[in-house]
Amino acid sequence: MIEINGAEGEGGGQVLRTACALSLITGEPFHITQIRGKRAKPGLLRQHLTAVEAARTIGAAQCEGLAMRSSELTFRPGPISAGDYHFSIGTAGSTGLVLQTVLMPLLLADGPSRLVLEGGTHNLSAPPFEFIDRCFLPIVNRMGPRVEARLVRHGFYPGGGGRIEVDITPAPLSPIDCLDRGVLTAVSGTALWTGLPPDVVEREILAAREVLGWPEEAFVERRLSDAEGPGTALLLEATFEQGREIVTGFGQIGVPAQLLAKTAAERMGRFLGSRAFAGPHLQDQLLLPFALAGGGSFTTVKPSQHTRTAAMIISLFTGRRWSFEQESNGATLARVH
Amino acid sequence: MKPLTVIGFLGSTLDASKYGPSRWSQWRPSVALAMHEDLRVDRFLLLHGEKHERLARFVAEDVTSVSPETRVERRHLNFENPWDFEEVYGKLLDFALSEPLDPEAEEYLIHITTGTHVAQICLFLLTEARYLPGKLLQTGPARRSVDGRAPGVWTSIDLDLSRYDSIATRFAATTSENTFFLKSGIETRNAAFNRMIDEIEHVASRSRAPILLMGPTGAGKSQLARRIHDLKRLKHQISGPFVEVNCATLKGDGAMSALFGHRKGAFTGAIADRAGLLLSAHGGMLFLDEIGELGADEQAMILRAIEEKTFTPVGMDSMVSSDFQLIAGTNRDLGEAVATGSFREDLYARLNLWTFSLPGLADRREDIEPNLDYELDRFAEREGERIAFNKEARDLYLCFATSPAARWSGNFRDLAASVTRMATLSPRGRIDRDCVTLEIGRLERLWSLGQPGLKDDGLSALLGAERLAEIDLFDRIQLAEVVRVCRESRSLSEAGRTLFAASKRRKTSTNDADRLRKYLARFELDWGGLNP
């Protein structure tokens, strides 16, 4: 039984999601205390319940303490079953977080799986669908398995109502090295919007162009159907020979459009200025598949608290250790041992 | 974790919105309750009338959009008049009875934020009566307009109040504070007395009807009446003063005037207006102790004053009104007084609603110890000097005080006086064994005075209280007379001759003196000790 103090490190829901995934894969039960101990509203919230329940469903796990606001949970995994699954998550949560919990176990299952995930697809709490689809999954696919994701309907906060479908064909994960991202080949900006005045989107694009200096034709406005909104997200995408980064600014009530665009553009600017392969979000998502592959490395920006926490949980279950070394060009080399 | 089902009305006003995206910046209670990150609704029974079909469908769709985990089940509930209590309650009860609700398998929250006030009240009543086996759910918009006021806030209320520790504890604490207060802070142990105080607390908090306190002199009637007044005053139930009078002192002409007041010149000596006790007690409490001693005229006036809150002062034509709560005290059996015609039956009936019988101290022996400490505290407060018993002395005193030999005929008055004597006479603030032994003698003399055939026989001085307590009354009466005869005689022989005169005449006794000596020796007495 692996003991985890949920308040350590990043101290949020990621600890729980990573632990569930690893427990199913390794067959090791775990006991976590002080769940989300560092958050203002500690304990299991709705989206965490849903994530744990999803893990329980695919892995015939037994749970003690699985209740709203519970601060302690025991998780005993069973065998992982491939299959068709449908998971729903309320507006505050994101489909991406459920996917993060079940994807790796299903990748290592004995047959293909199909997931339907309902809920938020574009909200603050997680990287948006496009990031998963265009930045993260291509790397997973490069390691062996085949994962295809489709966005059926957008789901913004608070209306929700999004839907994504994911097809998973398992294969052993092979170690890869992602050290050099290569030359920048294309840039683009997509402003998704619905149910808002049109000038909001214009102001977003103007603000992003001002920071990044990208040409006008690099930007597209994509108006979604009224039923999918209201909401807006500005997706800034940079494509390199060997990789891709997507930075997103999400519309929030009370935050001016130009400000969210400016913040996103500045983050993209910093990434372009670095020599790293993986940005801050890709960084923590790559740890699990790389560790399960038993080796590999990638260059990245300064490791976040999220990343260091995920690395700690990974070493608890697998014994594999991540090292983060700063290189002379300012990038960090992350390597699993 | 049991699945959660919410039961609630569609809010025909609050849940209504424009059909466009602006609805997401509005707080719609039925939608918002599915948006909380710490509340997951698995099933939502949405109650609505057929005329709100369209709104209900729209709200249901939005609920499933924000909360794909939630299954919305709509139920038609048509009210002809949603403000008609009988109709709403009846139809909701029908719903509750027909809907298969299983609290073993599901948890229920009853949403009371939507619906007419009548519907909310009916939901409350049905939940309280457990027809709807759940907790109440209250929701509200966010205080600040961040996130478009939704999801806002939610609270669940469990009507099983016993679960609310803080409320239950406060309630119990208040009650026990009140009874503690009524007992003057004395931790009494007598179960019957404590039960009576609980009842008085109950009555005093809820009623303004007269209270009758029965009990022997010194049982604490007056003190209890004053505490009831103080408690009611603390709780803002009365604001006026506590006015107390012993009716035994109201004899003759002055009685009427003392109680009801008089006008200047009403009679000789009425040199100024006098308000009278009843008027002084206006807004407060009047304690009439020894009410059985009240004269017939006064009884009639008092009865009227209680019933109509008016009376006529001596020498006045007009009525005066005074609103007071009456507490009456008596050491007589008023029922007997009614039977013999000395007390008005109708007044007794008026007083006999809340009748409490205060036991004497002899019937509350387990309360003697806490009252002993209370009296020591009172002495310390009064005299500024704290007196304590040494352990041996305390045990000796309590042993006597709780024994059948201690009659406590004057009840708490005797105890108070006894403690005051010991405290005053104790050397250096310590009550020791000698001090207690002397006090026991004093108490015995005091009580023996009132006992028929057992006047102060002087035996306690001779034998000490402890030894005396071991002698049967049967023997004591004999011994007392023997000692008296001895003290009146010039010699042991003379006393023997007097005491055994009859036997002597029959020539059956040869040595009277020896017989007497042996008798005295049984009580460890000798001639020298009797006639020093």
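Here, every reference points to the structure presented above.
Residues numbered from 1 in each chain as written. Chains lettered and ligands numbered in written order. Predicted model: local features only at pLDDT ≥ 70, side-chain atom pairs only at ≥ 80, totals over all residues. Heavy atoms only, no water.

1. Some points on the overall build of chain A
- When helices and strands are counted, chain A shows eight helices and 16 strands.
- Looking at chain A residue by residue over its 337 residues, the buried ones come to 58%.
- As displayed, chain A offers around 12900 Å² of accessible surface, 49% of which is attributable to carbon and sulfur atoms. (Helix = DSSP H or I, 4+ residues; strand = E, 2+ residues; numbered from the N terminus. Buried < 20%, exposed > 50% of the residue type's maximum accessible area, 1.4 Å probe, protein only. Areas by Shrake-Rupley, 256 points an atom, 1.4 Å probe, with all protein chains shown as cover.)

2. Considerations on the sheet that holds strand 16 (residues 332-336) of chain A
All names here are of chain A.
- With respect to topology, four strands assemble into an open sheet ordered 9-14-16-15, the strand pairing being mixed. Only two strands of the sheet have a single partner each, and these edge strands are strand 9 (177-178) and strand 15 (322-326).
- Sheet analysis places strand 15 next to strand 16, joined by five bridges and oriented antiparallel. By the bridge assignment for strand 16, Phe 324 is matched with Ala 334. (Pairing = 2+ DSSP bridges.)

3. Observations concerning the pattern of salt bridges
Residue and element names in this part refer to chain B.
- Taken as a whole and assessed by the stated rule, the structure comprises 52 salt bridges over all chains.
- In this structure, Arg 74 engages Glu 53 in a salt bridge whose closest nitrogen and oxygen atoms are separated by 2.9 Å. In this pair, Arg 74 is assigned in strand 3 (residues 71-76) and Glu 53 in helix 2 (residues 53-66), connecting sequence segments 21 residues apart.
- The exposure class assigned to Arg 74 is partly exposed, which follows from its relative accessible area of 27%.
- With a shortest N-O distance of 3.0 Å, Glu 369 and Arg 394 are connected by a salt bridge. On the criterion of sequence distance, the pair formed by Glu 369 in helix 13 (residues 368-383) and Arg 394 in helix 14 (residues 391-401) is long-range, its members being 25 residues apart.
- Residues joined in a network through salt bridges with shared partners are Arg 43, Arg 71, Glu 73, Arg 75, Glu 99 and Glu 106. (Salt bridge = Lys/Arg side-chain N within 4 Å of Asp/Glu carboxyl O.)

4. Details of the sheet that holds strand 13 (residues 244-250) of chain A
Residue and element names in this part refer to chain A.
- If you trace the four strands from one edge of the open sheet to the other, you get 11-10-12-13, paired in mixed fashion. Two strands in the sheet have a free side with no partner beyond their single neighbour: strand 11 (219-223) and strand 13. Across this sheet, the average inter-strand angle for adjacent strands is 20°, counted without regard to direction.
- Bridging between strand 10 (residues 184-194) and strand 12 (residues 231-240) involves ten bridges; their strand directions are antiparallel. Bridge assignment links Leu 192 to a residue of strand 12, and that residue is Ala 233. (Axes fitted to C-alpha atoms, helices over the stretch in contact; angles between N-to-C directions.)

5. Section: the environment of Leu132(B)
All names here are of chain B.
- Note on placement: Leu 132 falls in the loop between helix 4 (117-128) and strand 5 (135-140).
- Taking the C-alpha atoms as reference, Leu 132 lies 7.8 Å from Ile 110; in sequence the two are 22 residues apart.
- The contacts of Leu 132, once residues within four sequence positions are left out, are Ile 7, Phe 95, Ala 96, Leu 101, Ile 110, Leu 123, Leu 126 and Thr 127. (Contact = heavy atoms within 4.5 Å.)

6. Let's talk about the pairing of strand 10 of chain A
All names here are of chain A.
- Two elements, strand 10 and strand 11, share five bridges in a ladder whose sense is parallel. Residue Gly 189 lies in a different strand from strand 11, and its bridge partner there is Phe 219.
- Note that the unit made of strand 10, helix 5 (residues 199-212) and strand 11 has a crossover that is right-handed. (Right-handed = clockwise from strand over helix to strand, strands pointing away.)

7. Quick look at the packing of helix 2 (residues 46-59) of chain A against helix 3 (residues 95-107) of chain A
Residues and elements named next belong to chain A.
- As a packed pair, helix 2 and helix 3 sit with axes 9 Å apart at the nearest point and diverge in direction by 20°. Between helix 2 and helix 3, the interaxial angle falls into the category roughly parallel. Crossing of helix 2 against helix 3: the hand is right-handed. Where helix 2 abuts helix 3, its residues Gln 47, Thr 50, Ala 51, Ala 54, Ala 55 and Ile 58 lie against Leu 97, Val 98, Thr 101, Val 102, Pro 105 and Leu 106.
- Its residues placed into classes, the contact of helix 2 with helix 3 shows nine nonpolar, three polar and no charged. (Parallel < 35°, antiparallel > 145°, perpendicular 65-115°, else oblique. Left-handed = near helix turned anticlockwise from the far one by under 90°. Nonpolar A, V, L, I, M, F, W, Y, C, P; charged D, E, K, R; others polar.)

8. Remarks on the packing of helix 7 (residues 280-293) of chain A against helix 8 (residues 305-318) of chain A
Residues and elements named next belong to chain A.
- Helix 8 packs onto helix 7 with a crossing angle of 20° between their chain directions and a minimal axis gap of 8 Å. In terms of orientation, helix 7 and helix 8 fall into the roughly parallel class. Read as a crossing pair, helix 7 and helix 8 show a hand that is right-handed. Listed contacts from helix 8 to Gln 283, Asp 284, Leu 287, Leu 288 and Ala 291 of helix 7 are His 306, Thr 307, Ala 310, Ala 311 and Ile 314.
- Of the residues that constitute the contact of helix 7 with helix 8, the class distribution is six nonpolar, three polar and one charged.

9. Some thoughts on the side chain of Asp367(B)
All names here are of chain B.
- By the secondary structure assignment, Asp 367 is in the loop between strand 13 (354-357) and helix 13.
- The buried category is assigned to Asp 367, whose relative accessible area is 0%.
- Within the local environment of Asp 367, its side chain forms a polar contact with the backbone nitrogen of Asn 190, the two atoms lying 2.9 Å apart.
- Apart from the residues within four sequence positions on either side, Asp 367 is in contact with Thr 188, Arg 189, Asn 190 and Phe 193. (Polar contact = N/O pair within 3.5 Å; in protein donor to acceptor, adjacent residues only side chain to side chain.)

10. Details of the interface of chain A and chain B
- Across the contact, 26 residues belong to chain A and 20 residues belong to chain B.
- Carbon and sulfur atoms supply 54% of the area that chain A and chain B bury against each other, a total of about 2000 Å² over both sides.
- At the surface where chain A touches chain B, the tally comes to five salt bridges.
- With a shortest N-O distance of 3.9 Å, Glu37(B) and Lys41(A) are connected by a salt bridge.
- Taken together, the connections running from chain A to chain B amount to twelve residue pairs in polar contact (both at pLDDT 80 or more).
- Mapped by element, the contributors of at least two residues to the side of chain A that touches chain B are helix 2 and strand 6 (113-119) of chain A.
- In terms of residue class, the side of chain A that touches chain B is made up of eleven nonpolar, ten polar and five charged. (Buried area = accessible area lost by both parts, 1.4 Å probe.)

11. Observations regarding the environment of Ile4(A)
All names here are of chain A.
- Turning to its location among the elements, Ile 4 is positioned in strand 1 (residues 2-5).
- The sequence separation of Ile 4 and Ile 32 amounts to 28 residues, and the corresponding C-alpha distance is 4.6 Å.
- Contact partners of Ile 4, with chain neighbours within four places excluded, come to Val 15, Ala 19, Phe 30, His 31, Ile 32, Thr 33, Ile 313, Leu 316 and Phe 317.

12. Observations regarding helix 4 of chain B
Residues and elements named next belong to chain B.
- If you check helix 4, its first and last C-alpha atoms are 16 Å apart, about what twelve residues at 1.5 Å a residue would give, namely 16 Å.
- Here helix 4 has its buried residues at Val 118, Ala 119, Cys 122, Leu 123, Leu 126 and Thr 127. Along the axis of helix 4, the buried residues cluster in a sector spanning 165°; they form a single face.
- Its buried side turned inward, helix 4 meets strand 1 (4-9), helix 3 (85-98), strand 4 (107-111) and strand 5.
- With its phi angle positive at about 65°, Arg 130 sits one or two positions after the end of helix 4. (Expected span 1.5 Å × (residues − 1). Arc of directions from axis to C-beta.)

13. Some points on the packing of aromatic side chains
- This structure, assessed with the given rule, holds 18 aromatic pairs over all chains.
- Ring geometry for Phe240(A) versus Phe271(A): centroids 6.1 Å apart, planes at 75°, classification edge-to-face. Of this pair, Phe240(A) sits in strand 12 while Phe271(A) is found in helix 6 (residues 257-273), placing the two residues 31 residues apart along the sequence.
- Residue classification places Phe271(A) among the buried residues on the basis of a relative accessible area of 3%.
- Note on Phe290(A) and Phe298(A): the rings are 5.5 Å apart at their centroids and 80° apart in plane angle, and the pair reads as edge-to-face. Each member of the pair, Phe290(A) together with Phe298(A), is buried.
- Counting every residue linked through ring pairs, the aromatic cluster contains Phe290(A), Phe298(A), Trp322(A) and Phe324(A).
- Above the plane of the ring of Phe271(A) lies Arg181(A), whose end atom (NZ or CZ) is 4.9 Å from the centre.
- Lying across the ring of Trp24(B), Arg28(B) places its NZ or CZ 5.1 Å from the centre. (Phe/Tyr/Trp six-rings, centres within 6.5 Å; stacked < 30°, edge-to-face > 60°. Lys NZ or Arg CZ within 6 Å of the ring centre and 35° of its normal.)

As far as function goes, none of this settles anything; it's purely spatial.
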